[in-house]
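# A look at the structure
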Amino acid sequence: MMLNKAVLYLASLSYLSRVAALSTNAVTNTVDPSIVKNVAVPGLKNGMDYVKLGSSDLIASKVCMGTMTFGEQNTREEGVEQLNLAFDEFGVNFIDTAEMYPVPTKPESQGETDRTVAEFLKSRKREDVVLATKVAGRSDRITWLRKDGSNAIVNREQILESVDSSLERLGTDYIDLLQIHWPDRYVGGLFGQPDFTKVNVRDDEVSFEEQLSTLKEVVDSGKVRYIGISNETPFGVCSMIELAKRDPSTFSRIVSIQNSYSLVVRKDFEAGLAEACHHHDVAMLSYSPLAGGVLTGKYSDPDNLPKNARLNMFPGFMDRYLGSYNEAAVKKYCDIAKKASMTPCELALSWCYHREHVASTIIGSTSIPQLKECIGAYDIKLDEETLNEINDVYKQYTDPTKGY
């Protein structure tokens, strides 16, 4: 009897160790079942992959063109050049913009990004492009988006005005994916802010019901095909999905979420949102896969930052990437890249591109060479050794931008 117990005990230890190993290396570069087609393109030896975005019928490239620098760090002509290159050489058919772009957002340049995208669209068949934009979330500071000078709020009146204004700037009669840029309510942890605390909950937030019923209006009108969210939480995802399931004739269903996700910002998504999005068929669109450029390694010497570096343009906003454990984590990721004979940029983007729960990754560049490197990284599939080394760093620096 004692021998049988010993055998069972040893067997259980063996099982638990296998489970732990599987948990540690749970996500690898296996074939993504969400990929619906691969198309040969001049710029990629393995072609560009395309996925269906969540429960929609939108077929989008695994790489999405971010545009927030167009009109600020890039001229309109440079922006169009980038979009043409991404579309023609790399098969990128997915573009993401926002009504408040370019950034930093300010009244004198607001809307210039959309006008750049509109210029690009003039030479394309509209149905060949998956066009996403965003209505701004609540902001007491941003008062130049609405005609009456109101601060940004995600209510019916402002959503309707936002859609009409965006369509006019973009020079199109429909938007493929309209996203709420950030929540109307207080959520905590937004753009480097401290995590949620109930004392900051507002009593004047716009209800999910008002937001989703208005979004259903613009979908039914034909101005918008599908809706999504951005910078959201598991509570927001599940609440919105349940409303749409309960009354689909009144509330539009979200098909995507656009959140920050990278080697150094992953815990928030992987610990709760990943499960919610999987079960509710909500596509993850990862933005800031290079953590504001930090994962390229170019900020390794903070005393000699590039003059036009993004961290210099957003004082305070990007502080979480410097002066925290993040710097040590980035150095270790850069060392892994060097050992694997690739650039830090290639390592970070390849890792993000091929994560199982990432539908499409939004990239942004300020030059053509940067853009080619970023999209070219899609050809790279990290081997098991490199993935294990990344995982070891993650275990040591799980949430580095929040540690000081």
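Presented here is an overview of the structure given in this document. Keep in mind it's a predicted model, so treat the numbers as computed, not measured.

### Notes on the overall build of the protein chain
Broken down by element type, the protein chain carries 12 helices and 11 strands. Partitioning the intrachain contacts of the protein chain with sequence separation of at least 6 by distance along the chain shows that 75% fall at a separation of at least 24. Only carbon and sulfur atoms are counted for the fraction: they give 53% of the accessible area of the protein chain, which is about 18200 Å².

### Considerations on the packing of aromatic side chains
What characterises a pair of aromatic rings is the spacing of the ring centres plus the angle enclosed by the ring planes. According to the stated counting rule, one finds seven aromatic pairs in the structure shown. When the centroid spacing of 5.5 Å and the interplanar angle of 25° are considered together, the rings of tyrosine 186 and phenylalanine 196 count as stacked. With tyrosine 186 in the loop between β7 (175-180) and α5 (208-220) and phenylalanine 196 in the loop between β7 and α5, this residue pair connects regions lying 10 residues apart in the sequence. Among the residues examined, tyrosine 186 registers a relative accessible area of 17% and is labelled buried. A relative accessible area of 48% means that phenylalanine 196 is categorised as partly exposed. A ring pair is formed by tyrosine 261 and phenylalanine 269, whose centres lie 5.8 Å apart and whose planes are at 70°; its orientation type is edge-to-face. Side by side, tyrosine 261 and phenylalanine 269 carry an identical accessibility label, which is buried.

### A few points about the pattern of salt bridges
Per the stated rule, a full pass over the model turns up 28 salt bridges. Arginine 225 is the salt-bridge partner of aspartate 57, the closest N and O atoms lying 3.0 Å from each other. Residue aspartate 57 is located in the loop between β2 (44-52) and β3 (59-61), and its partner arginine 225 is located in strand β8 (residues 224-230); the two are separated by 168 residues in the primary sequence. Among the ionic pairs, glutamate 119 bridges to lysine 122, the shortest N-O distance being 3.1 Å.

### Some thoughts on the pairing of β2
Sheet analysis places strand β1 (residues 35-41) next to β2, joined by five bridges and oriented antiparallel. Bridge assignment links asparagine 38 to a residue of β2, and that residue is aspartate 49. Between β1 and β2, which pair antiparallel in sequence order, lie two residues. Looking at chain direction, β2 and β3 are connected through three bridges and run antiparallel. For lysine 52, the partnering residue across the bridge sits in β3 and is isoleucine 59. Once β2 ends, the chain turns through six residues before running back antiparallel as β3, passing glycine 54 with a positive phi of about 55°.

### With respect to the sheet that holds β3
Read from one edge of the open sheet, three strands run β1-β2-β3, paired in antiparallel fashion. Strands with a single pairing partner mark the edges of an open sheet, and in this sheet they are β1 and β3. Between one strand axis and the next, the sheet turns through 35° on average, direction left out of account.

### Quick word on the sheet that holds strand β4 (residues 63-66)
In space, the eight strands of this closed barrel follow the order β4-β5-β6-β7-β8-β9-β10-β11, with parallel pairing throughout. Across the sheet, the axes of successive neighbouring strands diverge by a mean angle of 30°, strand direction being ignored. As paired elements, β4 and strand β11 (residues 360-363) share three bridges and run parallel to each other. Its bridge partner lying in β11, methionine 65 is registered against isoleucine 363. Set on the sheet, α5 makes contact with β7 and β8; between it and β8 the angle comes to about 150°.

### What about the side chain of histidine 280?
Summarising the element assignment, histidine 280 is placed in helix α7 (residues 267-280). For histidine 280, the residues in contact, after removing those within four places along its chain, are Cys238, Ile241, Glu242, Lys245 and Arg253.

### Re helix α12 (residues 384-396)
With 13 residues, α12 extends 19 Å from end C-alpha to end C-alpha; this agrees with the ideal 18 Å at 1.5 Å per step. Those residues of α12 that fall on the buried side of the exposure criterion are Thr386, Leu387, Glu389, Ile390, Asn391, Val393 and Tyr394.

### Description of unusual backbone geometry
Following tyrosine 101, the chain continues into proline 102 via a peptide bond in cis, with omega recorded as 5°. Here proline 102 is to be found in the loop between β5 (94-96) and α3 (112-121). Of note, the amide linkage connecting valine 103 to proline 104 takes the cis form, showing an omega dihedral of -5°. With respect to the helices, strands and loops of the structure, proline 104 is situated in the loop between β5 and α3. Unlike most non-glycine residues, phenylalanine 191 shows phi in positive territory, near 55°. Turning to its location among the elements, phenylalanine 191 is positioned in the loop between β7 and α5. Despite not being glycine, alanine 291 has its phi angle at roughly 50°, a positive value. The class for alanine 291 is buried, based on a relative accessible area of 0%.

The rules we used
- Residues numbered from 1 in each chain as written.
- Predicted model: local features only at pLDDT ≥ 70, side-chain atom pairs only at ≥ 80, totals over all residues.
- Heavy atoms only, no water.
- Helix = DSSP H or I, 4+ residues; strand = E, 2+ residues; numbered from the N terminus.
- Contact = heavy atoms within 4.5 Å.
- Areas by Shrake-Rupley, 256 points an atom, 1.4 Å probe, with all protein chains shown as cover.
- Phe/Tyr/Trp six-rings, centres within 6.5 Å; stacked < 30°, edge-to-face > 60°.
- Buried < 20%, exposed > 50% of the residue type's maximum accessible area, 1.4 Å probe, protein only.
- Salt bridge = Lys/Arg side-chain N within 4 Å of Asp/Glu carboxyl O.
- Pairing = 2+ DSSP bridges.
- Axes fitted to C-alpha atoms, helices over the stretch in contact; angles between N-to-C directions.
- Expected span 1.5 Å × (residues − 1).

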